[in-house]
Amino acid sequence: MSHTEQPNQPSSSFAIFKKSLSGEVVRPGEQGYDYGIFRWTDNSVRPASYVVFPKSAEDFSKAVRFGKDEGLELAICGGGHSWSSASSTTGLVIHLGKYLNNARCDPEAKLLYVEGGALWETVDKVGMEHGLATVAGTVNHTGVGGLALGGGYGWLTGRRGMAVDNIAQFTVVLASGEIVTANETEHPDLFWGCRGGGCNFGVITEFVFKAHSQRSNVFVTFLTFPIEKLDRVVEAAGDWYTTAGPDEGCHLRCNGAGAGAKDPGLVLRVVYFYNGTAEEGRKAAKKLYDAGKASFLINERFKRLTHKLAGPSGENTMEELPYEKLNGLANAANPHGGRKYAKGLTMKSQMTPAVMKDLVAAMERANKSSANYTNCGVLVDYTPKHAVMSVPLDATAYAGRGTGIEFLAWIYYSDPSLDNFTRDHVREWCSIVSDEASIATKAGKGEEALGVGYANYDPEPKGAVMVFGPNYGRLRKVKRKYDPECVWRKWYPIEPAADPE
């Protein structure tokens, strides 16, 4: 069925439901439908039977009740960035992005009040109007909800922890349609479960984030190295990480495009962040510069973007950015549309030159086999874990805390016929890492505090038991209390605990 065709005639209750909303509900063929099912990646699009655009919490309640009465699968869409298609369904989509996409700041209380469909760009801008910020995603057209509920790494993580660690309160629409507030004193079990449990417990119509004083400008540099410098660059990044401070961050990337692209081939890139002055940043990043001569942003499109955001730099190898522009730097490399596949792992130790060389060889083979890959690569996320590890594993439902290092592999492409090849290539790259480096497969404490694969990075169905680790038993009890019928089951669904005897 195409997106313009009408599905079966709706039930008689649909007319009553539609009339009762202050927002809107659309069906295939109606105005707004294509927007409602559009997603960041085309392979996450599903032909929903209904898309609801709520304007109030009461609209959410009515949508949940209508979907349950009609026996429809429910999905929640904020920014639509999910790798795993969790925001899509052939049933009923509750789309927050059209109307509930604003944020406001209480500078006295240092709190950010964020509607459920807001993007991180909005949060960054509103906070910095008062010199405040919270931990936000590194691609700012990502929705707040999906990233924050699943953990949420960002450039401020070294100092402020994860996004989930900075949530002070939720407003939640439960599977029953009831609207509740969850924080440390009201429904504290639900508050605990939502911080890392994803969309397993309801629709979050409002987040309240802790905000922190943030300097207006930050230091960022993009260093690009030829593949011939691989040994020195990989070793330098690992060496830097061993002494990195909480105000730093670094992404080590190797990426490129297929033979049919304008700029084919692979390059090594180091993205370095310092939450301070350019002078301080240059000193802190010395080990990275010492890896060898680097060129700055050889991709012309990215160079133009960075100059637009930051203004020209005297050295042309450094940029001091307004903080609110920081999380927009990667937007051009991660555009909406096209098809995308990614998989993540958590490494117990640092990336080695030997493993990276094997990855480069595998990526080169993949690029030769398909000239139509528009972007493929791997990323080692050298985010300092000081603040992440300061939070006890059982303080929130998020079970990925650990000293492990996140690894991500991806391919962007456009041809649906490449779906299987793409999955095979990305899985091969992850297999290289898992075969040659130790992979964290469970969460724990003490020496076992390595974490598990970061679920926001991985669409693969690892299962809730693995993702939530030692917190899973408690999550099952929360699920039994707030969603015993498993209405919410789109992202690592949690099985409710059995009723007590």
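The structure we're discussing is the one just above.
A brief report on the enclosed structure follows. Along each chain, the written sequence defines residue order, and numbers are assigned to residues from 1. Confidence filtering applies because this is a predicted model: local features only for residues at pLDDT of at least 70, side-chain atom pairs given and counted only at 80 or more, and all residues used for totals across whole chains, interfaces and linings. For the side-chain quantities, the full set of heavy atoms in the structure was used; hydrogens and water were omitted.

**Here we look at the overall build of the protein**
Moving on, step 1. The secondary structure content of the protein amounts to 17 helices and 19 strands.
Moving on, step 2. When a residue's accessible area, from a 1.4 Å probe over protein chains only, is under 20% of the maximum for its type it is buried; when over 50% it is exposed; and in between it is partly exposed. Put simply, the protein has 501 residues, and 57% of those count as buried.
Moving on, step 3. We call two residues in contact whenever any of their non-hydrogen atoms come within 4.5 Å of each other. The contacts in the protein between residues at least 6 apart in sequence include a share of 72% that link residues at least 24 apart. Segments assigned H or I by DSSP are reported as helices when at least four residues long, segments assigned E as strands when at least two residues long, and all are numbered from the N terminus.

**Observations concerning the sheet that holds strand β8 (residues 167-173)**
Moving on, step 1. Here five strands make up an open sheet; going across it, the order is β5-β6-β10-β8-β9 and the pairing antiparallel. The open sheet has two free edges, formed respectively by β5 (103-106) and β9 (179-182), since each of these has just one partner strand. Taking each pair of neighbouring strands and ignoring which way they run, the sheet shows an average axis angle of 15 degrees.
Moving on, step 2. In this scheme, strands are said to pair when DSSP sees at least two bridges between them. Sheet topology places strand β6 (residues 111-115) next to strand β10 (residues 203-210); five bridges connect them, and they run antiparallel. Bridge pairing links E115 to E206 in β10.
Moving on, step 3. To get an axis, fit a line to the C-alpha atoms, keeping to the stretch in contact for a helix; angles then go from 0 to 180 degrees between the N-to-C directions. Lying on the sheet, helix α3 (residues 57-69) is in contact with β8, β9 and β10; it crosses β8 at an angle near 50 degrees.

**What about the packing of aromatic side chains?**
Moving on, step 1. The rule is short: rings of Phe, Tyr and Trp, with Trp giving its six-membered ring, pair when the centres are within 6.5 Å, and they are stacked under 30 degrees, edge-to-face over 60, tilted in between. Counted according to the given criterion, the structure contains 23 aromatic pairs.
Moving on, step 2. For the pair F170 and F207, a centre-to-centre distance of 5.7 Å together with 70 degrees between the ring planes defines the contact as edge-to-face. One end of the pair, F170, is in strand β8; the other, F207, is in strand β10, and 37 residues separate them in sequence. We note that F170, like F207, is buried.
Moving on, step 3. For the ring pair F207 and F209, a centre distance of 5.7 Å and an interplane angle of 10 degrees mean the geometry is stacked. Each member of the pair F207 and F209 is classed as buried.
Moving on, step 4. Pairwise contacts between aromatic rings join W120, F170, F191, F207 and F209 into one cluster.
Moving on, step 5. Sitting over the face of the ring of F14, R27 holds its NZ or CZ atom 5.9 Å from the ring centroid.
Moving on, step 6. Above the face of the W40 ring, K340 is positioned so that its terminal group lies 4.5 Å from the ring centre. The rule for a charge over a ring is simple: NZ of Lys or CZ of Arg within 6 Å of the ring centre, and within 35 degrees of the ring normal.

**Overview of the environment of K286**
Moving on, step 1. Position of K286 relative to the elements: it lies in helix α10 (residues 286-289).
Moving on, step 2. A polar atom in the side chain of K286 sits 2.7 Å from the side chain of D290. A 3.5 Å cut-off defines polar contacts: any pair of N or O atoms within that distance qualifies, except that in protein one atom must be a possible hydrogen donor and the other a possible acceptor, and neighbouring residues in sequence count only when both atoms are side-chain atoms.

**Digging into the pattern of salt bridges**
Moving on, step 1. For this analysis, a salt bridge means a side-chain nitrogen from Lys or Arg found within 4 Å of a carboxyl oxygen belonging to Asp or Glu. Overall, the coordinates contain 15 salt bridges when judged by the stated rule.
Moving on, step 2. One salt bridge in this structure joins K68 and E485, with 3.7 Å as the shortest N-O distance. On the criterion of sequence distance, the pair formed by K68 in helix α3 and E485 in the segment after α17 (472-482) is long-range, its members being 417 residues apart.
Moving on, step 3. Between D239 and K287 there is a salt bridge, with the nearest N and O atoms lying 4.0 Å from each other. Taken as a pair, D239 in helix α8 (residues 230-242) and K287 in helix α10 lie far apart in primary sequence, 48 residues in all.
Moving on, step 4. Residue classification places K287 among the partly exposed residues on the basis of a relative accessible area of 31%.

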